[in-house]
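# Architecture and fold: a report
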Amino acid sequence: MGSTGYRLQVLDITALPQLLELDRRCYGGHWGEQGYRAELERPTSTVIGAVVEPGDRGEKTSPTPTLVGFGILWRIEEEAHIISLAVDPDHRRRGLGRRILEELLTQARAAGCCWATLEVRASNHAAIRLYESAGFQLLGRRKGYYNNGEDGLVYWKKPI
Ligand SMILES: CC(C)(COP(=O)(O)OP(=O)(O)OC[C@H]1O[C@@H](n2cnc3c(N)ncnc32)[C@H](O)[C@@H]1OP(=O)(O)O)[C@@H](O)C(=O)NCCC(=O)NCCS
């Protein structure tokens, strides 16, 4: 199955409860309410969501569109920082992560950004394959960057 049937949209504060639930499903509770609220309200952040409409893709029980993926972008002058990208486990490998990433880059370009950067755990092979296939290049490694001592890989893409 491809990623048709999903709609991408810029999220606003009304998406906060669904974002928290999706964070829990994707990251096991990475950020709390304050963190996502800040991203949804900060003028230099963009939060893109992927939703599935009621009745599509088996989501027949929900009366409202269901959030199944999201990505967050920070714009710092000419730099675009991709700071989060996640897709619900039940909706992975359908091209949705790639679509959200492309939309974040489109939004960054439209806002005048020239290049993009992100950081990923060295063990996150799925995300690394996605980023490399989208043209991101390895810039460097931050030794023991994460809480569990894991290295962080820094990627960048220029132009975007
Ligand atoms: C990384 C993530 C966002 C990918 O989402 P997705 O919707 O499944 O990705 P896509 O279907 O668009 O896949 C795009 C490409 O990524 C790579 N990829 C995705 N999942 C993969 C997996 N499990 N194993 C290997 N490669 C994978 C493939 O190259 C894939 O292209 P292909 O399907 O043509 O082979 C998703 O796995 C996720 O939410 N992971 C948990 C959160 C996370 O780690 N986010 C990244 C933080 S930096």
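Treat the numbers as computed from the prediction; the structure is a model and nothing was measured. (Residues numbered from 1 in each chain as written. Predicted model: local features only at pLDDT ≥ 70, side-chain atom pairs only at ≥ 80, totals over all residues. Heavy atoms only, no water.)

## Focus on the nonpolar core
Here is the rule: What is meant by a nonpolar core is a set of buried Ala, Val, Leu, Ile, Met, Phe, Trp, Tyr and Cys residues, joined one to another through side-chain atoms within 4.5 Å. Relative accessibility thresholds used throughout: buried, under 20% of the residue-type maximum; exposed, over 50%; partly exposed, between the two (1.4 Å probe, protein chains only). The helix count covers DSSP runs of H or I at least four residues long, the strand count covers runs of E at least two residues long, and both are numbered beginning at the N terminus. Boundaries of every domain are those given by an automatic assignment or by a domain database. In what follows, residue pairs with any heavy atoms lying within 4.5 Å of each other are defined as contacts.
Membership of the largest hydrophobic core comes to 29 residues, with the highest contact counts inside it found for Ile100, Leu101, Val120, Tyr131 and Phe136. Of all the secondary structure elements, the ones that give two or more residues to this core are strand E2 (45–52), strand E3 (66–76), strand E4 (79–87), helix H3 (96–110), strand E5 (115–121), helix H4 (125–133) and strand E7 (152–157). Sort the elements by how many residues they give to this core and H3 lands first, with six residues. Three or more residues apiece are contributed to this core by two domains, here domain 1 (1–113) and domain 2 (115–160). The residues touching valine 120, leaving out its near neighbours within four places in the chain, are Ala127, Ile128, Tyr131, Tyr146, Asp151, Gly152, Leu153 and Tyr155. Of all hydrophobic cores here, the second largest spans 14 residues; its members include Leu22, Cys26, Val47 and Ile72.

## Describing the sheet that holds E3
For clarity, the cut-off: For two strands to be treated as a pair, DSSP must find at least two bridges joining them. Convention adopted: a line fitted to C-alpha atoms gives each axis, helices being fitted over their contacting stretch, and angles between N-to-C directions are expressed from 0 to 180 degrees.
Strand order in the open sheet made by the seven strands is E1-E2-E3-E4-E5-E7-E6, with mixed pairing throughout. In this open sheet, the two strands that pair with only one neighbour each are strand E1 (6–10) and strand E6 (137–142). Between one strand axis and the next, the sheet turns through 25 degrees on average, direction left out of account. Two strands pair when backbone bridges link them, and E4 and E5 are joined in this way by four bridges, in the parallel orientation. Of the residues in E5, the one forming a bridge with glutamate 79 is tryptophan 115. Across the sheet, helix H2 (residues 33–41) is in contact with E2, E3 and E4; its angle to E3 comes to roughly 65 degrees.

## Describing the site of the ligand
Where we set the bar: Summary of the distance rule: residues count as near a molecule or strand when at least one heavy atom falls within 4 Å of that molecule or strand. Pairing of N or O atoms within 3.5 Å defines a polar contact, subject to two protein rules: one partner must be a possible hydrogen donor and the other a possible acceptor, and residues neighboring in sequence count only if both atoms are side-chain atoms. Surface accessibility in these figures is a Shrake-Rupley result with a 1.4 Å probe; residues are shielded only by whichever protein chains are displayed. Using a grid of 1 Å spacing that covers the protein atoms alone, one calls a set of points a cavity when a 1.4 Å probe fits there but cannot get out, and a pocket when the set is open and has protein on both sides within 12 Å along at least five of seven lines; lining residues are those with an atom within 4 Å of a point. Here the criterion for a molecule occupying a pocket or cavity is that more than half of its atoms lie within 2 Å of the pocket grid points.
Taken together, 19 residues lie near the ligand, and Leu85, Val87, Gly95, Gly97 and Asn124 sit nearest. Arginine 93 is positioned with one of its backbone polar atoms (N or O) 2.8 Å from an oxygen atom of the ligand. Residue glycine 97 places a main-chain N or O atom 2.8 Å away from an oxygen atom belonging to the ligand. With the chains in place, 77% of the 920 Å² that the ligand exposes on its own is no longer accessible. Here the ligand is seated within the largest pocket. Put simply, the parts of the chain that give the shell around the ligand at least two residues each are E4, H3, E5 and H4. No other element matches H4, which puts five residues into the shell around the ligand.

## Side note on the domain arrangement of the protein chain
Stated formally: Here the quantity called buried area is the accessible surface, traced with a 1.4 Å probe, that two parts lose on coming together, added over both. A carboxyl oxygen of Asp or Glu within 4 Å of a side-chain nitrogen of Lys or Arg is what we treat as a salt bridge.
As assigned here, the protein chain comprises domain 1 (1–113) and domain 2 (115–160). Across the boundary between the two partners, domain 1 contributes 13 residues, which contact eleven residues of domain 2. Note on domain 1 versus domain 2: buried area summed over both sides is about 1,100 Å², and carbon and sulfur give 67% of it. Our enumeration of links across domain 1 and domain 2 arrives at zero salt bridges. Where domain 1 meets domain 2, there are six residue pairs in polar contact (both at pLDDT 80 or more). Among the elements of the structure, E4 and H3 are those that each provide at least two residues to the side of domain 1 that touches domain 2.

## As for the pattern of salt bridges
This model, assessed by the stated rule, comprises ten salt bridges. Ionic pairing is found between glutamate 21 and arginine 24, a salt bridge with its closest N-O pair at 2.8 Å. Within this pair, glutamate 21 and its partner arginine 24 are both found in helix H1 (residues 16–27), separated by three residues, close to a single helical turn. A salt bridge links arginine 25 to aspartate 90, with the nearest nitrogen and oxygen atoms 3.2 Å apart.

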